[in-house]
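Topology and contacts: notes
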Amino acid sequence: MKTRDDLRNIAIIAHVDHGKTTLADAMLWQSGIFRDNEQVAERVMDSMDLEREKGITIMAKNMAITYKGVKINIVDTPGHADFGGEVERTLNLVDGVMLLVDATEGPLPQTRFVLGKALEKGLPAIVVINKIDREDRRPQEVLNEIFDLFIDLDATEEQLEFPVLYTNAKAGIALTDPEGKGQDLAPLFEAILATIPAPQYDPAAPLQFLVTSLDYSDYVGLIAVGKIVSGALKKGREVALLKEGEMAGKANLSVIYSFEGLERSEPEVIEAGDLAAVAGVPQAFIGDTLGDPEDPRPLPGIVVEEPTISMVFSVNTSPLSGKEGKLLTSRHLKERLDKEVLYNVSIKVEPGETKDAFKVSARGELQLAVLVEMMRREGFELSLSKPRVITRERDGVLTEPVELAVVDIPEEFIGIVTEKMSARRGRMMKMINHGSGRVRLEFAIPSRGLIGFRGQFLNDTRGTGLLNAILEGFTPYAGEISGRPNGALIADRPGKAVGYAIFHLQPRGTIFVKPGDPVYRGMIVGENTRTEDMWVNITKEKKLTNIRAAGTDEALRLVPPRQFSLEQAMEFINDDELVEVTPGAIRLRKMAAG
């Protein structure tokens, strides 16, 4: 076997919001990729609009830097559990991982998930404890928790010998001692060169290129991104496409790309061990192998965990449909969902019960919400059903997904949170009190129990609680879980909402519309204070007479309406309700509206 000493491949893995993308920014700056006077956005790796708005990474992305003559390919991965499919694919590209952990929060559920996947593949890790500038940092305790986590996940003796670095990603500083002083990330770069093994390949083996993700360009068509396990890629070369171990055709590579900084360059040849992207193979899919037509040798495919939650996407049939969006028909909807399946291995699409509906399955609500948000920005109008968990039959027993929910709350809210979790079939597994006024609770809870819980949880903890969940496996069906306790206020006729009517409906519950908003029969305009639904006339105007009484014409004092984000709307609805999504609005309605 030959070794590429001039190359390292590494993935940055962590829980959401622990600073992966910020650290990747600092590494790019200190490697000299950008000019001193170049205008560069903060968190430059988060290139999607939605990533910038939500402050999370959604798609795994590649970049490459050079340090002391060694090219380091770095893959920034998502930290949210719903995008775990991206992480699983990414680990096929790399020879080691950088595990990033917040110096205050310590390891959280997604830390366990991504680290478990990396250790299963036998990858060595560098542990980086980030945000050491925080006043409430506790680096030594966090390091002990990380050791416990490695042991819990059956790490080998070699994997337990990981180097530890302490960083302040915003300032671009890495230290070997948390109390020390530093100027730059040089200790981190040195640790990568020393710890992450250089890629090895067999010089006598034919071409083997594993496709781990797909991209699309209007100029060259489908682009397959992956790792060259052996052989070399040359522009114009003929390759064999292997699907599930079988020959599926041949193609010529029209373009080959290598990664340099955030850009792609077009060299003539890319050698084994490197990450690359190729165009000219339109039938390629994630998990396929590109091989030598003379000696095709398939690589093991990519296995991604099954989806756990599904929603029905259907054509928007409300009386207001077609007024804001451009893409309205079931044909448009099907084409867009089929395209999504090409790039996103963790999403599945099946035909619905009617020809205008499609059942879309994914890892979690956030993944579905991101897909819908992207579609509405593209001009789609659609209706969404309530999310449902995907149950499975195992040995004659009906099972459902169960999640490990880690809750971080102030001490005074322990009672209310435990009570609400118990009502949703949650069982407390662990309770940790660091003595700082905040407590960490761990619950095993069916995925169904978390649908619609996050908004209620934030209300109960007055916005101070943190809730993270990760799929643990499947458990026997836990029985019924009560849904939303309150009924809805439903418009009984079409028109526009009127301030006078809203003012007199405010004592009945929380209103969702403001004066002038269009409404139609069956549209949900508020939440009732009682358990039953109530039909209301929100278009009622004040009847004018010739008689005036003192004080009757005072200004109406209206409470600001409750505005829903897409995720909140999906969690709020009941089984007989839909979310109507258009480029300009998110509305709630009864299924038999209009």
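Coordinates for the structure precede this section.
Reference entry: report on the structure contained in this document. (Residues numbered from 1 in each chain as written. Predicted model: local features only at pLDDT ≥ 70, side-chain atom pairs only at ≥ 80, totals over all residues. Heavy atoms only, no water.)

For the rest of this paragraph, the subject is the pairing of strand 11 (residues 221-230). Where burial is concerned, most of strand 11 is hidden: nine out of the ten residues are buried. When strand 10 (residues 208-217) meets strand 11, the two strands line up antiparallel, connected through nine bridges. Paired with Ser 217 across the strands is Gly 221, a residue of strand 11. Counted along the chain from strand 10 to the antiparallel partner strand 11, the turn is three residues long. In terms of strand pairing, strand 11 meets strand 18 (residues 275-279) through five bridges, oriented antiparallel. Across the sheet, Ile 223 pairs through a bridge with Ala 279, a residue of strand 18. (Buried < 20%, exposed > 50% of the residue type's maximum accessible area, 1.4 Å probe, protein only. Helix = DSSP H or I, 4+ residues; strand = E, 2+ residues; numbered from the N terminus. Pairing = 2+ DSSP bridges.)

Burial analysis of strand 6 (residues 125-130) places six of its six residues in the buried class, which makes it a mostly covered element. Of the two faces of strand 6, the one lined by Ala 125, Val 127 and Ile 129 and the one lined by Ile 126, Val 128 and Asn 130 are each fully buried. Note that strand 5 (residues 96-102) and strand 6 share six bridges and pair parallel. Across the sheet, residue Leu 100 finds its bridge partner in strand 6, namely Val 128. Note: strand 6 against strand 7 (residues 164-168), three bridges, orientation parallel. Bridge pairing links Val 128 to Leu 165 in strand 7.

Moving on to a nonpolar patch on the surface. Together, Phe 503, Leu 556 and Leu 558 line one region of the surface with nonpolar side chains, adding up to about 220 Å² of accessible area. Looking at where Phe 503 falls in the secondary structure, it is placed in helix 13 (residues 499-505). (Patch = residues over 30% accessible without salt bridge, like charges linked within 9 Å, V, L, I, M, F, W, Y side chains within 5 Å. Areas by Shrake-Rupley, 256 points an atom, 1.4 Å probe, with all protein chains shown as cover. Salt bridge = Lys/Arg side-chain N within 4 Å of Asp/Glu carboxyl O.)

What follows deals with the pattern of salt bridges. All chains considered together, the criterion is met by 25 salt bridges. Across the pair Glu 340 and Arg 336 runs a salt bridge, and its minimum N-O distance is 3.0 Å. Here Glu 340 and its partner Arg 336 are both found in helix 8 (residues 330-343), four residues apart, which amounts to about one turn of the helix. The same class applies to Glu 340 and to Arg 336, which are both buried. One salt bridge connects Arg 377 with Glu 373, and the closest N-O pair in it is separated by 3.0 Å. Of this pair, Arg 377 and Glu 373 both sit in helix 9 (residues 365-377), four residues apart, roughly one helical turn. Classification of Arg 377 as partly exposed rests on a relative accessible area of 43%. Because the salt bridges share partners, they merge into one network encompassing Asp 533, Asp 576, Glu 577 and Lys 590.

Let's shift gears to the packing of helix 8 against helix 9. Angle between the axes and distance between the axes are the two parameters that describe a pair of packed helices. Contact geometry for helix 8 and helix 9: axes closest at 12 Å, N-to-C directions at 130°. The pairing of helix 8 with helix 9 is recorded here as oblique in orientation. Crossing handedness for the pair helix 8 and helix 9: right-handed. Here helix 8 contributes Leu 333, Arg 336, Leu 337 and Glu 340 to the contact with helix 9, which in turn contributes Leu 371, Met 374 and Met 375. Taken together, the residues of the contact of helix 8 with helix 9 break down into five nonpolar, no polar and two charged. (Axes fitted to C-alpha atoms, helices over the stretch in contact; angles between N-to-C directions. Parallel < 35°, antiparallel > 145°, perpendicular 65-115°, else oblique. Left-handed = near helix turned anticlockwise from the far one by under 90°. Contact = heavy atoms within 4.5 Å. Nonpolar A, V, L, I, M, F, W, Y, C, P; charged D, E, K, R; others polar.)

Counting 44 residues, the largest nonpolar core has Ile 13, Val 97, Leu 99, Ile 129, Ile 146 and Phe 150 as the members making the most contacts within it. If you look at the next biggest cluster of nonpolar residues, it comprises 32 residues, including Leu 382, Leu 384, Ile 490 and Leu 566. (Core = buried A, V, L, I, M, F, W, Y, C linked by side-chain atoms within 4.5 Å.)

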